[in-house]
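An overview of the molecular structure
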Amino acid sequence: MKYLLLPFAILVSISSYGQIIISNDTTVCGSYEDTLHALSSIQSSMSSDDMHDVLLDIGFTFNFYGLPYTQLVISGNGYITFDTTLANTYSTWVIGTPIPNPGQVPENAIMAPWQDINTGAGGAVYYGMTGIAPNRMFIVTWCEVPMFSCTSDLHTSQVVLYEGSDKIEMHIQDKPLCSGWNS
């Protein structure tokens, strides 16, 4: 049985900029190809494995689970958290319990997806705010970041946070599986 923890719309941007709003227990399948581009303007300073980046200003107020946030922290392991105490700290890669799990990091997070990637081995994380109020976007892109222990397998994904509507848009270009690492 599936539970809807956060009702939100998933926007799928195709060449026609069409919008699909998905409801509870809906599956979208089909052939879709696109190339993600690092639209974000600032390159993260993360250069070692399993770290959270510095505390970042979003540039506008973003409401997540009904709470307003103006700052966030990017994880080198593919998620964004609004837990600002995690800035410049270790970012766990172990997924040993269901999520969300109160009291377990990561909490209050957007998984993009959460996985063991290694920013210390290559690739880059870009972020930045773009647009004009009240329609700005904060964009985070994990660009060709190697999987841990499978460094020739590169992960690319992007999360876009929208001002005003508080919508979350996710794009996954490459999500390899490193089956030889950690089962």
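Everything here concerns the structure above.
Residues numbered from 1 in each chain as written. Predicted model: local features only at pLDDT ≥ 70, side-chain atom pairs only at ≥ 80, totals over all residues. Heavy atoms only, no water.

**Topic: the overall build of the protein chain**
Scanning the protein chain from N- to C-terminus turns up zero helices and nine strands. Ordered by position from the N terminus, the helices and strands of the protein chain form the series β-β-β-β-β-β-β-β-β. Relative to its full complement of 183 residues, the protein chain shows a buried share of 39%. If you take every contact in the protein chain between residues at least 6 apart in sequence, the share linking residues at least 24 apart comes to 55%. Surface exposure of the protein chain reaches about 10,100 Å², of which carbon and sulfur atoms provide 54%. (Helix = DSSP H or I, 4+ residues; strand = E, 2+ residues; numbered from the N terminus. Buried < 20%, exposed > 50% of the residue type's maximum accessible area, 1.4 Å probe, protein only. Contact = heavy atoms within 4.5 Å. Areas by Shrake-Rupley, 256 points an atom, 1.4 Å probe, with all protein chains shown as cover.)

**Observations concerning the packing of aromatic side chains**
Applying the stated criterion across every chain, the model contains six aromatic pairs. Judged by centre distance (6.0 Å) and plane angle (80 degrees), the ring pair of tyrosine 79 and tryptophan 114 falls under edge-to-face. Here the residue tyrosine 79 occupies a position in strand β4 (residues 79–81), and tryptophan 114 occupies one in the loop between β5 (109–111) and β6 (124–130), the gap between them amounting to 35 residues. The pair formed by tyrosine 79 and tryptophan 114 is uniform in burial state, with each residue classed as buried. For the ring pair tyrosine 127 and phenylalanine 138, a centre distance of 6.4 Å and an interplane angle of 25 degrees mean the geometry is stacked. With tyrosine 127 in strand β6 and phenylalanine 138 in strand β7 (residues 137–147), this pair connects stretches of sequence that are eleven residues apart. Each member of the pair, tyrosine 127 as well as phenylalanine 138, carries the same accessibility label: buried. Three or more aromatic residues joined by ring pairs form one cluster here, namely Phe62, Phe64, Tyr65, Tyr69 and Phe82. (Phe/Tyr/Trp six-rings, centres within 6.5 Å; stacked < 30°, edge-to-face > 60°.)

**Let's talk about the sheet that holds β6**
Sheet architecture is open: five strands sit in the order β1-β6-β7-β8-β9, paired in antiparallel fashion. Each end of this open sheet is capped by a strand with a single partner; those strands are β1 (42–43) and β9 (168–174). Here strand β8 (residues 150–162) runs beside β9; their pairing, made up of six bridges, is antiparallel. For valine 160, the partnering residue across the bridge sits in β9 and is glutamate 169. (Pairing = 2+ DSSP bridges.)

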